[in-house]
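Coordinates in review
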Amino acid sequence: MRRGWKMALSGGLRCCRQVLSWVPVLVIVLVVLWSYYAYVFELCLVTVLSPAEKVIYLIFYHAIFVFFAWTYWKSIFTLPQQPNQKFHLSYTDKERYENEERPEVQKQMLFDMAKKLPVYTRTGSGAVRFCDRCHLIKPDRCHHCSVCAMVNNCIGFSNYKFFLQFLAYSVLYCLYIATTVFSYFIKYWRGELPSVRSKFHVLFLLFVACMFFVSLVILFGYHCWLVSRNKTTLEAFCTPVFTSGPEKNGFNLGFIKNIQQVFGDNKKFWLIPIGSSPGDGHSFPMRSMNESQNPLLANEELWEDNEDDNQDYPEGSSSLALETET
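What you are looking at is a predicted structure, and each value in this text was computed from that prediction instead of being measured.

**With respect to the overall build of the protein**
- Scanning the protein for helices and strands turns up 11 helices and seven strands.
- By the burial criterion, 39% of the 326 residues in the protein qualify as buried.
- Within the protein, counting contacts between residues at least 6 apart in sequence, those at least 24 apart form 66% of the total.
- In the form shown here, the protein has an accessible surface area of approximately 19,600 Å², with 64% of it arising from carbon and sulfur atoms.

**What to know about the UniProt feature "transmembrane region" (unreviewed entry) in the protein**
- The UniProt record annotates "transmembrane region" (unreviewed entry) at residues 20-39, 55-73, 166-188 and 200-222.
- Here residues 20-39 runs as 90% helix and 0% strand, with 30 Å between its end C-alpha atoms.
- For the annotated span residues 55-73, helix accounts for 100% and strand for 0% of the residues, and the straight-line distance between the end C-alpha atoms is 27 Å.

**A look at helix α6 (residues 160-190)**
- The end-to-end C-alpha separation of α6 is 45 Å, in line with the 45 Å expected for 31 residues at 1.5 Å each.
- Where α6 ends, the next residue or the one after it, G191, has phi of about 80°, a positive value.

**Comments concerning the nonpolar core**
- Core analysis: the largest hydrophobic core is formed by 44 residues, its most contacted members being Y39, Y61, Y160, I177 and V181.
- If you list the elements that add at least two residues to this core, you get α2 (23-47), α3 (51-77), α6, α7 (197-229) and α9 (255-263).
- Among all residues touching V181, those that are not within four sequence positions of it are Y39, L43, V202, L205 and L206.
- Counting 12 residues, the second largest nonpolar core, distinct from the first, contains F87, L89, M113 and F130.

**What about a nonpolar patch on the surface?**
- Taken together, L26, V29, L30 and L33 make up a surface patch of nonpolar side chains, about 360 Å² in accessible area.
- Among the structural elements, L33 can be located in helix α2.

**A closer look at the side chain of S170**
- Tracing the sequence through the fold places S170 in helix α6.
- Since its relative accessible area comes to 2%, S170 is described here as buried.
- Within polar-contact distance, the side chain of S170 engages the backbone oxygen of F166 at 2.6 Å.

**Quick notes on the environment of C238**
- Of note, C238 is situated in the loop between α8 (233-237) and β6 (241-242).
- What makes C238 exposed here is its relative accessible area of 53%.
- For C238 and G124, which are 114 residues apart along the polypeptide, the C-alpha to C-alpha distance reads 9.5 Å.

**Quick notes on the pattern of salt bridges**
- Taken as a whole and assessed by the stated rule, the structure comprises six salt bridges.
- Its salt-bridge partner being R197, residue E42 comes within 3.0 Å of it at the nearest N-O pair. Separated by 155 residues along the polypeptide, E42 in helix α2 and R197 in helix α7 bring together distant segments of the chain.
- For E42, a relative accessible area of 1% translates into the label buried.
- A salt bridge links R190 to E192; the shortest N-O distance between them is 3.9 Å.

**Some details on the packing of α6 against α7**
- At their nearest, the axes of α6 and α7 sit 7 Å apart, and the two run at 145° to each other. When you trace α6 past α7, the crossing you get is left-handed.
- Of the residues assigned to the contact of α6 with α7, the class counts are 29 nonpolar, three polar and one charged.

**Quick notes on the packing of aromatic side chains**
- Evaluation of the coordinates by the stated rule reveals 27 aromatic pairs.
- Here the aromatic cluster, defined as three or more aromatic residues joined through ring pairs, consists of Y36, Y39, Y61, F65, F68, Y72, F166, Y173 and Y176.
- Residue placement shows R141 over the ring face of F284; its charged tip is 5.1 Å from the ring centre.

**Observations regarding α2**
- Along α2, the sharpest change in direction is near 25° and occurs at A38.
- Turning to α2, its buried residues number three or more, namely V32, S35, A38, Y39, V40, E42, L43, C44 and T47.
- Buried residues belonging to α2 abut α3, α6 and α7.

What counts and what doesn't
- Residues numbered from 1 in each chain as written.
- Predicted model: local features only at pLDDT ≥ 70, side-chain atom pairs only at ≥ 80, totals over all residues.
- Heavy atoms only, no water.
- Helix = DSSP H or I, 4+ residues; strand = E, 2+ residues; numbered from the N terminus.
- Buried < 20%, exposed > 50% of the residue type's maximum accessible area, 1.4 Å probe, protein only.
- Contact = heavy atoms within 4.5 Å.
- Areas by Shrake-Rupley, 256 points an atom, 1.4 Å probe, with all protein chains shown as cover.
- UniProt positions renumbered as here; feature names shortened; annotations may be inferred.
- Expected span 1.5 Å × (residues − 1).
- Core = buried A, V, L, I, M, F, W, Y, C linked by side-chain atoms within 4.5 Å.
- Patch = residues over 30% accessible without salt bridge, like charges linked within 9 Å, V, L, I, M, F, W, Y side chains within 5 Å.
- Salt bridge = Lys/Arg side-chain N within 4 Å of Asp/Glu carboxyl O.
- Polar contact = N/O pair within 3.5 Å; in protein donor to acceptor, adjacent residues only side chain to side chain.
- Axes fitted to C-alpha atoms, helices over the stretch in contact; angles between N-to-C directions.
- Left-handed = near helix turned anticlockwise from the far one by under 90°.
- Nonpolar A, V, L, I, M, F, W, Y, C, P; charged D, E, K, R; others polar.
- Phe/Tyr/Trp six-rings, centres within 6.5 Å; stacked < 30°, edge-to-face > 60°.
- Lys NZ or Arg CZ within 6 Å of the ring centre and 35° of its normal.
- Bend = angle between axes of the 7 residues up to and from the residue.

Written out as structure tokens, the structure is:
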């Protein structure tokens with residue numbers, strides 16, 4: 001009886017958490033819908049008097065809006081990449097693993113299983129990365145999502161390109177609104193335009209656009225830096241450990257190849273939210289495999305280490321960033 005009550009409570013909490021996870025999405029959708037109404041109707045159709053200016057504003061606005069909405073949709077509804085079945089323990093291996101009480105034997109069992117898989121990263125202690133809740137050996141750069149309660153990448157291999165494009169078009173969307181609304185904001189401020197209902201929409205539209213622009217530029221800049229180094233958010237805070245030991249630049253292939261790892265080789269797809277990232281999300285090219293082909297990669301790490309050694313940091317300083325499970 002008690003067990004059934006606990007299961008029901010756990011299921012109810014999981015359902016509530018899933019519902020609450022959509023609240024930020026709903027808020028963003030409502031803000032975007034209001035911004036569309038305020039810009040198209042209150043600014044362009046009511047406030048702007050020049051027909052030519054109206055047409056130009058509306059054409060460029062809708063071009064940006066389409067890509068903005070398209071990338072947002074792809075970021076949210078693209079299903080996360082799931083680990084291949086070969087990473088899951090078989091029924092026999094699962095029984096052996098769970099029945100074994102000695103941690104060192106369990107560790108060796110995972111080592112033996114991982115030899116058959118393209119897995120090169122390890123835990124901080126050097127053990128094979130294993131998910132006790134999903135009963136699978138984690139592919140490289142894969143983590144258990146505490147929100148979805150499974151191993152996946154909510155913002156990761158399958159939709160990271162769309163997420164970056166969404167940030168880029170969001171910045172462009174806010175910048176375009178702010179620059180085109182600013183002159184009418186000044187006119188309302190000086191009293192050159194009649195104080196009608198549109199005034200409050202225009203004033204608030206500029207304020208919201210500027211507020212979101214600042215926060216989005218910071219977030220977009222941070223992820224651009226991550227892409228240039230071929231790092232996930234978690235790898236930026238915790239150095240990945242390989243079979244040979246910790247290596248902070250283990251996946252850094254060089255600036256151009258790092259970009260291609262997210263956007264693909266064909267540049268004509270870089271700005272369009274169409275899947276073009278190479279690979280299957282289970283294994284990734286590593287720096288050690290490319291140094292023999294390009295010796296400059298080995299020298300690049302020495303340059304980066306020298307730059308880090310020569311850079312002074314104030315005592316007690318700290319860095320804060322948004323952490324995304326990938």
